[in-house]
Amino acid sequence: METPKLNTLKKELQHLSIQELTAHLTRLAKYKVENKEFLNFLLFYQHDTDQYINEIKGIVTETFDELPYSDYSKIKPLRKLVRIINKHLKFVSDKKQDAELLIFFCHKYIEKQIYRTKLKALQSIFIRQFVRSQKSIEKLDEDLQFDYNRDM
């Protein structure tokens, strides 16, 4: 079975009633947690993405505060945190807030002094996020680039 094009699906959705759309959306949200989270973002946070980013920053802060003492034990929670950040940034899809959240992650990483480790896995987590934040800063306007580069 071939997957239909997005345009075809959009045309079909325009012919449905509100009750049918509601039924389809709830059925879609029932199957995957990510669909449910994205629907939550669209319904409650789409117009106030700053509040959404602040909640994600709270999750980042909480995760960094709960990191174990051992460097080896920090790898798994940090990788999970990066996955969570990536998922939520995909929902927001705003370059400015993308850069802001990645810079916040880097600040927390440095604040906890995890960079002093010799573990390659922990170092690569930070390096990947740092490079990613640099790339997202390059996509912004020049004024914002100056401000975020100063933060970095």
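Residues numbered from 1 in each chain as written. Predicted model: local features only at pLDDT ≥ 70, side-chain atom pairs only at ≥ 80, totals over all residues. Heavy atoms only, no water.

**Some thoughts on the overall build of the chain**
Our working definition: Secondary structure elements follow DSSP: runs of H or I of four or more residues count as helices, runs of E of two or more count as strands, with numbering from the N terminus. C-alpha atoms define the radius of gyration in this analysis, and the globule rule sets the expected value at 2.2 Å times the number of residues to the power 0.38. In what follows, a contact means two residues having at least one pair of non-hydrogen atoms within 4.5 Å. In this count, Lys and Arg are taken as positive residues and Asp and Glu as negative ones, while His and the chain termini are left out. Charged groups are reduced to one reference atom each: NZ for lysine, CZ for arginine, CG for aspartic acid, CD for glutamic acid.
For the chain, the count of helices and strands is eight helices and zero strands. Along the chain, helices and strands appear, N-terminal first, in the series α-α-α-α-α-α-α-α. Relative to the 2.2 N^0.38 estimate, which gives 15 Å for 152 residues, the radius of gyration of the chain is 19 Å and therefore markedly larger than a compact globule would have. Dimensions of the chain, computed from C-alpha atoms along their principal axes, come out at roughly 60 × 40 × 30 Å. Restricting to contacts in the chain with at least 6 residues of sequence separation, those with at least 24 account for 61%. One way to put it: in the chain the 27 positive side-chain charges average out to a point 9 Å from where the 22 negative ones average out.

**Here's the deal with the side chain of Gln129**
Worth spelling out the cut-off: Here the term buried applies to any residue with accessible area under 20% of the maximum for its type, exposed to any over 50%, and partly exposed to those in between, with areas from a 1.4 Å probe on protein chains only.
Looking at the secondary structure, you find Gln129 in helix α7 (residues 120-138). With a relative accessible area of 5%, Gln129 lands in the buried category. Apart from the residues within four sequence positions on either side, Gln129 is in contact with Val82, Leu102, Phe105 and Cys106.

**Considerations on unusual backbone geometry**
With a phi angle near 50 degrees, Ser93 is a residue other than glycine that sits in the positive phi range. Note that Ser93 resides in the loop between α5 (71-92) and α6 (95-111).

**Some words on the confidence of the model for the chain**
Put simply, the test is: Values of pLDDT, ranging from 0 to 100, describe the predictor's confidence in every residue of the model.
Averaged over all residues, the pLDDT of the chain equals 88, while 99% of them reach at least 70. Element-level mean pLDDT values for the chain span from 77 in helix α8 (residues 142-151) up to 93 in helix α4 (residues 49-65).

**Some words on the packing of α6 against α8**
For the record, the criterion: Convention adopted: a line fitted to C-alpha atoms gives each axis, helices being fitted over their contacting stretch, and angles between N-to-C directions are expressed from 0 to 180 degrees. Our angle categories are set so that under 35 degrees counts as roughly parallel, over 145 as roughly antiparallel, 65 to 115 as roughly perpendicular, and the remainder as oblique. Amino acids outside the nonpolar list (Ala, Val, Leu, Ile, Met, Phe, Trp, Tyr, Cys, Pro) and the charged list (Asp, Glu, Lys, Arg) are all regarded as polar, and Gly is one of them.
For the pair α6 and α8, interaxial distance at closest approach is 10 Å and the crossing angle is 10 degrees. By the criterion of interaxial angle, the relationship of α6 to α8 is roughly parallel. For the pair formed by α6 and α8, the contact residues are Lys96, Glu100, Ile103 and His107 on the first element and Leu144, Tyr148 and Asp151 on the second. Its residues placed into classes, the contact of α6 with α8 shows three nonpolar, one polar and three charged.

**Observations regarding the nonpolar core**
What tends to happen in soluble globular proteins is that the nonpolar side chains get buried as a cluster. The line we're drawing: Here, the term nonpolar core denotes a set of buried Ala, Val, Leu, Ile, Met, Phe, Trp, Tyr and Cys residues that are joined through side-chain atoms within 4.5 Å.
The biggest cluster of nonpolar side chains holds 25 residues, and the ones touching the most others in it are Phe64, Leu78, Ile85, Phe105 and Tyr109. Listed by contribution, the elements that provide at least two residues to this core are α3 (33-45), α4, α5, α6 and α7. Tallying contributions element by element places α5 first for this core, with eight residues. In contact with Leu78, other than residues within four places in its own chain, are Phe64, Leu67, Phe105, Tyr109, Ile114, Leu122 and Ile125. Counting residues in hydrophobic clusters, the runner-up holds five residues, among them Ala99, Ile103, Ile137 and Leu140.

**Looking at the packing of aromatic side chains**
The cut-off we apply is this: Whether two aromatic rings pair depends on their centres lying within 6.5 Å, for rings of Phe, Tyr and Trp, where Trp uses its six-membered ring; planes under 30 degrees apart make the pair stacked, over 60 edge-to-face, and the rest tilted. Two limits define a charge over a ring: the Lys NZ or Arg CZ must be within 6 Å of the ring centre, and within 35 degrees of the ring normal.
Across all of its chains, the model carries nine aromatic pairs by this definition. Taken together, a centroid distance of 6.5 Å and an interplanar angle of 20 degrees make the contact between Phe38 and Phe41 stacked. Here Phe38 pairs with Phe41, and both are found in helix α3, just three residues apart, close to one helical turn. The partly exposed category is assigned to Phe38, whose relative accessible area is 34%. Ring centres of Phe41 and Tyr52 lie 4.8 Å apart, and the angle between their planes is 55 degrees; on these two criteria the pair is classed as tilted. A residue pair is termed long-range when its members are at least 10 positions apart, and Phe41 in helix α3 and Tyr52 in helix α4 qualify at 11 residues. Across the pair, Tyr52 and Phe41 agree in class, each one buried. Here the aromatic residues Phe38, Phe41, Tyr45, Tyr52 and Phe91 are joined through ring pairs into a cluster of three or more. The ring of Tyr31 is capped by Lys30, whose NZ or CZ atom sits 5.9 Å from the centre of that ring.

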